[in-house]
Amino acid sequence: MLRYGPASGFLPEPVDLRVLPEPLDAIRVIRSQLRASQGLGLPPHEADKARRWADSGGWIPALGALYRGEPCGFVLRLRKGRHLEWNVRPLTYVQLSPVGCDAHRTP
């Protein structure tokens, strides 16, 4: 999830960065956070939009996009021009090396 300020001071502020094993795990996190966002005092239209996405199948196209290897996202507009944005991108390659290991050194 990223939090953005008004357009005049457009500096993204990362709030929650995660690497999850499966697309469905990422969708579950977003759905859970959207349900929790109901206490943020969202404008009624945005609260309804969050409920529909989390609880009425709005998340299904996003899950399909992730399984196709495409990114997806969701935006809620808060008051005073602020908004919350969830961005999920599939991670296709990660190279892990032990601490202190020089991966470029040849034996």
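Structure first, text after, so check above.
Residues numbered from 1 in each chain as written. Predicted model: local features only at pLDDT ≥ 70, side-chain atom pairs only at ≥ 80, totals over all residues. Heavy atoms only, no water.

With that out of the way, let us pick up the pairing of strand β3 (residues 72–77). The two faces of β3 differ: Cys72, Phe74 and Leu76 on one face are buried, but Gly73, Val75 and Arg77 on the other face are not. For β3 and strand β4 (residues 83–88), the ladder comprises 6 bridges, and the chain directions are antiparallel. Within β4, the residue paired with cysteine 72 across the bridge is valine 88. In textbook terms, the turn of a hairpin is the stretch between consecutive antiparallel strands, and for β3 and β4 this stretch comprises 5 residues, one of which, lysine 80, has a positive phi near 60°. (Buried < 20%, exposed > 50% of the residue type's maximum accessible area, 1.4 Å probe, protein only. Helix = DSSP H or I, 4+ residues; strand = E, 2+ residues; numbered from the N terminus. Pairing = 2+ DSSP bridges.)

With that settled, the discussion passes to helix α2 (residues 44–55). The end-to-end C-alpha distance of α2 is 16 Å, a good match for the 16 Å that 12 residues give at a rise of 1.5 Å each. Within the span of α2, buried status applies to Glu46, Ala47, Ala50, Trp53 and Ala54. One face of α2 carries all of its buried residues, which in axial projection span an arc of 130°. The outward face of α2, more than 90 degrees from its buried face, is lined by the exposed residues Pro44 and His45. In this structure, the buried side of α2 is in contact with α1 (23–36), α3 (60–67) and β3. Note on α2: the residue one or two positions beyond its end, glycine 57, has a positive phi of about 85°. (Expected span 1.5 Å × (residues − 1). Arc of directions from axis to C-beta. Contact = heavy atoms within 4.5 Å.)

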